[in-house]
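A look at the structure
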Amino acid sequence: SSGVSNIPFTMSNSTPATDKEKKKSKRNRSPCSPSRVLHIRQIPSGVTGAEVVSLGLPFGKVTNLLMLRGKAMYWLQAFLEMASVDAAVSMVNYYTPAAPHLHNQPVYIQYSNYKELRTDNQHNQARSQAALQGVNAVQHGNPGITSALAAEGGVLPGHGSVLRIVVENVFYPVTLDVLYQIFSKFGFVLKIVMFHKNNQFQALLQYADATNAYYAKMSLDGHSIYTGCCILHIDFSKLTNLTVKYNNDKSRDFTRIDLPFGDGQRTMETSLSTPFATQNTIFPSYAGPPGFAPALSFPQGAALGPLAVTTSAAPGHMTIPGIPGNSVLLVSNLNPEAITPYGLFILFGVYGDVHRVKIMFKKRGIALVQMADASQAQLAISYLNGQKLYGRVMHATLSKYQTIQLPREGQEDKGLTKDYSNSPLHRFKNPCSKNFQNIFPPSATLHLSNIPPSVTVDDLKNLFTSKGSTVKGFKFFQKDCKMALIQLGSVEEAVHALIELHNHDFGENQHLRISFSKSTI
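Starting from 1, residues in each chain are numbered consecutively following that chain's sequence as written. Reporting of local features is limited, given that this is a predicted model, to residues whose pLDDT is at least 70; pairs of side-chain atoms are given and counted only at 80 or more, and all residues count toward the totals for whole chains, interfaces and linings. Hydrogens and water are ignored here; the side-chain numbers use all heavy atoms of the structure.

In the annotation of an unreviewed UniProt entry, the chain is listed under the name PTBP3 protein and assigned to Dicrurus megarhynchus.

Right, dumping it as structure tokens:
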């Protein structure tokens, strides 16, 4: 009933052998060389072809499948043919230290001696082939996949396309972009909403099709995003559709780039939110930073963007390179005529303590920004990626570098690399600082503090106007005239003003402090 067979089959590189020769060969067998045909053993009885094929789904296209009865009637075995040897190598490398589970039982994957699998359209393999066609339809974004999967025995009865995700033991930040990067490997992600409930980090994620949700749940449930923490618990939501009102760091509709950010000031740029048919991951794939296991880069498919995942020694764990431990950001699409290391230090310093900044000597529109730790780096990405700065939409992502090297003595640098590790302007050096409770996205309204009693409303308005800002409103705090709110003409104006005027010297060792405000005037 599972679509398996114990009848003969044919594969290339096979030659007849006597029983004696087979036993001798088995004793002297050396490890198989990489092949695109993989042997999967100890599959529990009742596992469907679709479930077996789904094991190969994140690594590339599956081109053939053969399921057979094992020596024990309650075990099955399968041969899975990948489109390329590279895809098969990636799959073996990933699952060797962390055996996948089917029906709560570990299954084991190794290279086959065979280089090609030919099932010759055997009648007994019809269900396996139907499952294969269904998964290939998923990989190519075909909405008509359910009919093919129905021939497999209906693997998706009653399941919708919305997943409920609970993340346990959240030691490192789990951002919307991290969730997108992981789950987009299994199909078109339409919407994501993150929230806290019952003191747990939770998210709702909607796929374009229920089958995508099924494979994501089966492949990711119980895995850890980072080694030893951020464990994913996934089930199907009763909701059939998610309503997203804002595109920001807590919610996103990838089919709507016109939604507001949430404060009425900013909409998501196309670099952050593209239509789902051409969506891209936020973090590009790369070889991985020093100290991490060699990166496993999933090949790019029609519906599957690039994602680098590293294996770990502990079963059931996967790690996105660069996190945790990587605090260096790659910032691109900067205006080379206006950007300075100090400007990036002040702006990124709103979301963490910036230790070093380096503007590329030959590409002045690209910079590296080193934060104090990985969580601050993630925070900066969440708030600043897609922000307009000096007329250009800035892109911020994780860098492959672990640290910014200072120029050697005598090396030409033209002041493009700066060390701010001992700067007195760090906002988060004191762990008890109130700054931790006042971190907001860039907005047109700025919070001003440390204002001397001698400074008037007009003085402050003139100060901001002198830097090219349009002052729309101003208000001193009633209980504390050392603080005020000033509303400028746009978010971009406010960003420029913060860079120019944070730490402005009023004289007598009194310096203006500026941050973004969640309020409006």
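Now, onward.
Here we look at unusual backbone geometry
Quick note on the threshold: Helix numbers and strand numbers start at the N terminus; a helix is a DSSP run of H or I with at least 4 residues, a strand a run of E with at least 2. Exposed residues in this analysis have more than 50% of their type's maximum accessible area, buried residues have under 20%, and partly exposed residues fall in between, with area computed by a 1.4 Å probe over protein chains only.
Positive phi, normally seen in glycine, also occurs at Q42, with a value near 60 degrees. Tracing the sequence through the fold places Q42 in strand 2 (residues 37-44). Overall, the relative accessible area of 33% leaves Q42 in the partly exposed class. A positive phi is found at N450, a non-glycine position, where the angle reads about 65 degrees. Relative to the assigned elements, N450 resides in the loop between strand 25 (445-449) and helix 10 (457-465). Residue N450 is classed as partly exposed on the basis of its relative accessible area of 36%.

Some points on the sheet that holds strand 24 (residues 417-419)
In any sheet, the strands associate via hydrogen bonds between backbone groups, in a parallel or an antiparallel arrangement. Threshold: Strands are treated as partners if at least two bridges between them are detected by DSSP. Whenever a helix is involved, its axis is fitted only over the stretch in contact; in every case the axis is a line through C-alpha atoms, and angles between N-to-C directions fall within 0 to 180 degrees. By definition in these notes, contact holds between two residues if any of their heavy atoms fall within 4.5 Å.
One open sheet holds the five strands; their spatial order is 23-18-20-19-24, and the pairing between them is antiparallel. Whereas interior strands pair on both sides, the edge strands pair on one side only; in this sheet they are strand 23 (395-398) and strand 24. Geometrically, the sheet is characterised by an average inter-axis angle of 20 degrees between neighbouring strands, direction not taken into account. By the bridge criterion, four bridges tie strand 18 (residues 328-332) to strand 23 in an arrangement that is antiparallel. By the bridge assignment, L330 is partnered in strand 23 with T397. Its contacts with the sheet put helix 9 (residues 374-384) on strand 18, strand 20 (367-371) and strand 23, and the angle it makes with strand 23 is roughly 155 degrees.

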